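# Analysis of the macromolecular model
Take a look at the letters that make up each chain.
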Amino acid sequence: MAQRFGGKYSPKGYAGVAPDRLPETAPSHPMTRRLVWVGVAAVPFLFNAFGGGPVALARGLGGFALVAGAVVLIREGLKAEAAWAARKVARRPALPRKALGAVILGLGLATGAQAPEIGIIGAAVIGMIGAALSLFAFGLDPMRDKGMEGIDPFQQDRVAKVVAAGEEQLAALNDAIARAGDARLTARVADFAQTARKLFRAVEEDPGDLNAARRYMTVYLSGARAAAEKFADLWASRQDAKARADFEALLDDLEANYTARTAQLLEDGREGLEIEIEVLRERLAREGLTPASDHTA
């Protein structure tokens with residue numbers, strides 16, 4: 001069956017790609033969808049806000065606003081947790097968003113639930129139960145750094161800044177291609193972004209590789225972003241098939257180079273480990289000690 005090709009904002013959406021299969025630019029958390037029900041549970045506060053005077057209006061609207069703010073905070077906390085879990089080397093989130101969101105959720109429930117028949121104490125109990133249920137459903141924020149033992153904090157901070165700059169370039173690259181409204185190119189750019197992030201993760205695991213990979217994480221990504229913006233502008237004015245083919249060829253070249261650089265960094269890491277093991281064996285031999293593997297050989 002033939003498929004209709006259209007833009008992102010056409011009635012049919014992206015052509016050739018189901019809306020729920022569009023590539024994501026960041027790791028997603030499986031519990032994010034649960035937040036919909038938290039927002040739905042606060043809708044009655046809006047109904048009760050009207051018709052009861054200014055106090056009821058302030059109580060209902062304030063309770064709903066607090067719950068909505070809690071949903072936003074918890075969602076951001078889930079995103080941060082997903083990014084933390086996806087990396088072998090990661091710092092814990094600076095702000096415990098899920099825990100803070102649970103507290104605000106409790107305040108929102110307590111504010112919206114106040115009524116003469118319930119009283120302040122009853123509303124406070126409802127708020128505490130809501131906060132506890134939030135922590136139970138969504139869990140706590142990551143409380144520790146991961147994979148950073150033996151890594152120089154200064155070097156890790158340098159890597160973090162370069163990675164953040166690289167992620168900004170990838171986001172701008174994705175936004176530029178989204179303007180073109182071409183689903184296949186959008187997916188192609190998402191594939192390249194995943195390849196670039198593999199290089200980011202390799203440098204995060206071994207910050208000593210930053211100097212060797214910095215150009216790939218800054219200059220080349222900036223060039224790719226600029227090329228994407230020019231292509232999107234050209235495609236908006238006239239859909240030039242040659243320009244599209246040239247941009248796809250650029251992505252192919254970039255992806256091949258990023259893959260090769262990542263493999264080289266990983267190979268250099270293995271070679272460095274083999275050298276350290278050989279030096280250790282020689283030192284043990286000089287001291288009259290033999291590794292256990294030599295006895296069993």
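Predicted model only: the values in this text are computed from it and were never measured. (Residues numbered from 1 in each chain as written. Predicted model: local features only at pLDDT ≥ 70, side-chain atom pairs only at ≥ 80, totals over all residues. Heavy atoms only, no water.)

## Some words on the overall build of the protein
When its secondary structure is counted, the protein shows 11 helices and 0 strands. Its helices and strands taken in sequence order, the protein reads α-α-α-α-α-α-α-α-α-α-α from the N to the C terminus. Of all 297 residues assigned to the protein, the portion counted as buried reaches 35%. For the protein, the accessible area works out to roughly 17900 Å², and carbon and sulfur atoms hold 60% of it. (Helix = DSSP H or I, 4+ residues; strand = E, 2+ residues; numbered from the N terminus. Buried < 20%, exposed > 50% of the residue type's maximum accessible area, 1.4 Å probe, protein only. Areas by Shrake-Rupley, 256 points an atom, 1.4 Å probe, with all protein chains shown as cover.)

## Describing the pattern of salt bridges
Counted according to the given criterion, the structure contains 12 salt bridges. Glu76 is the salt-bridge partner of Lys79, the closest N and O atoms lying 3.6 Å from each other. Of this pair, Lys79 and Glu76 both sit in helix α3 (residues 53-86), 3 residues apart, which is roughly one turn of the helix. Owing to a relative accessible area of 32%, Glu76 belongs among the partly exposed residues under this scheme. Across the pair Arg188 and Glu255 runs a salt bridge, and its minimum N-O distance is 2.7 Å. In this pair, Arg188 sits in helix α7 (residues 183-205) while Glu255 sits in helix α10 (residues 241-286), placing the two residues 67 residues apart along the sequence. (Salt bridge = Lys/Arg side-chain N within 4 Å of Asp/Glu carboxyl O.)

## Observations concerning the packing of aromatic side chains
Counted under the stated rule, the structure contains 5 aromatic pairs. Here the aromatic rings of Phe192 and Tyr258 are separated by 5.3 Å at their centres, their planes lie at 85°, and the arrangement is edge-to-face. Residue Phe192 is found in helix α7, and its partner Tyr258 is found in helix α10; the two are separated by 66 residues along the sequence. Exposure class is identical for Phe192 and Tyr258. Each is buried. Between Tyr216 and Tyr258, the ring centres sit 5.4 Å apart and the planes meet at 90°, which makes this aromatic pair edge-to-face. In this pair, Tyr216 is assigned in helix α8 (residues 210-217) and Tyr258 in helix α10, connecting sequence segments 42 residues apart. The exposure class assigned to Tyr258 is buried, which follows from its relative accessible area of 0%. (Phe/Tyr/Trp six-rings, centres within 6.5 Å; stacked < 30°, edge-to-face > 60°.)

## A look at helix α9 (residues 219-237)
With 19 residues, α9 extends 28 Å from end C-alpha to end C-alpha; this agrees with the ideal 27 Å at 1.5 Å per step. Buried within α9 we find Leu221, Ala224, Arg225, Ala228, Phe231, Ala232 and Trp235. Summarising the axial view, the buried residues of α9 lie within an arc of 130°, below the 170-degree limit, and thus occupy one face. Opposite its buried face, α9 presents the exposed residues Lys230 and Ser237, each directed more than 90 degrees away. (Expected span 1.5 Å × (residues − 1). Arc of directions from axis to C-beta.)

## Brief notes about helix α5 (residues 119-138)
Taking 1.5 Å of rise per residue, 20 residues should cover 28 Å, and α5 covers 29 Å from first to last C-alpha, within 8% of that figure. Burial in α5 covers these residues: Ala123, Gly127, Gly130, Ala131, Ser134 and Phe138. Viewed end-on, α5 has its buried residues packed into an arc of 95°, placing them on one side of the element. Away from its buried face by more than 90 degrees, α5 exposes Ile121, Met128, Leu133 and Phe136. On its buried face, α5 is in contact with α1 (35-41), α3 and α4 (97-113). (Contact = heavy atoms within 4.5 Å.)

## Here we look at the nonpolar core
In this structure, Leu170, Phe192, Met217, Phe231, Phe247 and Tyr258 are the most contacted members of the largest nonpolar core, which totals 31 residues. For this core, the elements supplying multiple residues, two or more each, are α6 (153-180), α7, α8, α9 and α10. When sequence neighbours within four positions are dropped, the list of residues in contact with Leu170 reads Phe192, Ala193, Ala196, Arg197, Phe200 and Leu221. In terms of nonpolar packing, the next biggest core, distinct from the first, is built from 12 residues, Phe45, Ile74, Leu105 and Leu109 among them. (Core = buried A, V, L, I, M, F, W, Y, C linked by side-chain atoms within 4.5 Å.)

## So, the packing of α8 against α9
Two numbers describe how α8 lies on α9: the axes approach to 3 Å, and their chain directions differ by 10°. The angle between the axes of α8 and α9 places the two elements in the roughly parallel class. Contacts between α8 and α9 pair Arg214, Arg215, Tyr216 and Met217 from the former with Val219, Tyr220 and Leu221 from the latter. Considering only residue class, the contact of α8 with α9 consists of 5 nonpolar, no polar and 2 charged. (Axes fitted to C-alpha atoms, helices over the stretch in contact; angles between N-to-C directions. Parallel < 35°, antiparallel > 145°, perpendicular 65-115°, else oblique. Nonpolar A, V, L, I, M, F, W, Y, C, P; charged D, E, K, R; others polar.)

## Observations concerning a nonpolar patch on the surface
There is a patch of nonpolar side chains on the surface, built from Ile121, Val125, Met128, Ile129 and Leu133 and spanning about 530 Å² of accessible area. With respect to the helices and strands, the residue Ile129 is situated in helix α5. (Patch = residues over 30% accessible without salt bridge, like charges linked within 9 Å, V, L, I, M, F, W, Y side chains within 5 Å.)

## Quick notes on the environment of Leu105
Along the chain, Leu105 turns up in helix α4. For Leu105, a relative accessible area of 6% translates into the label buried. Spatially, the C-alpha atom of Leu105 lies 8.8 Å from that of Gly63, the residues being 42 residues apart in sequence. With near-sequence residues (within four places) excluded, Leu105 lies in contact with Val38, Val67, Ala70, Gly130 and Ser134.

Keep in mind these values describe shape, not function.
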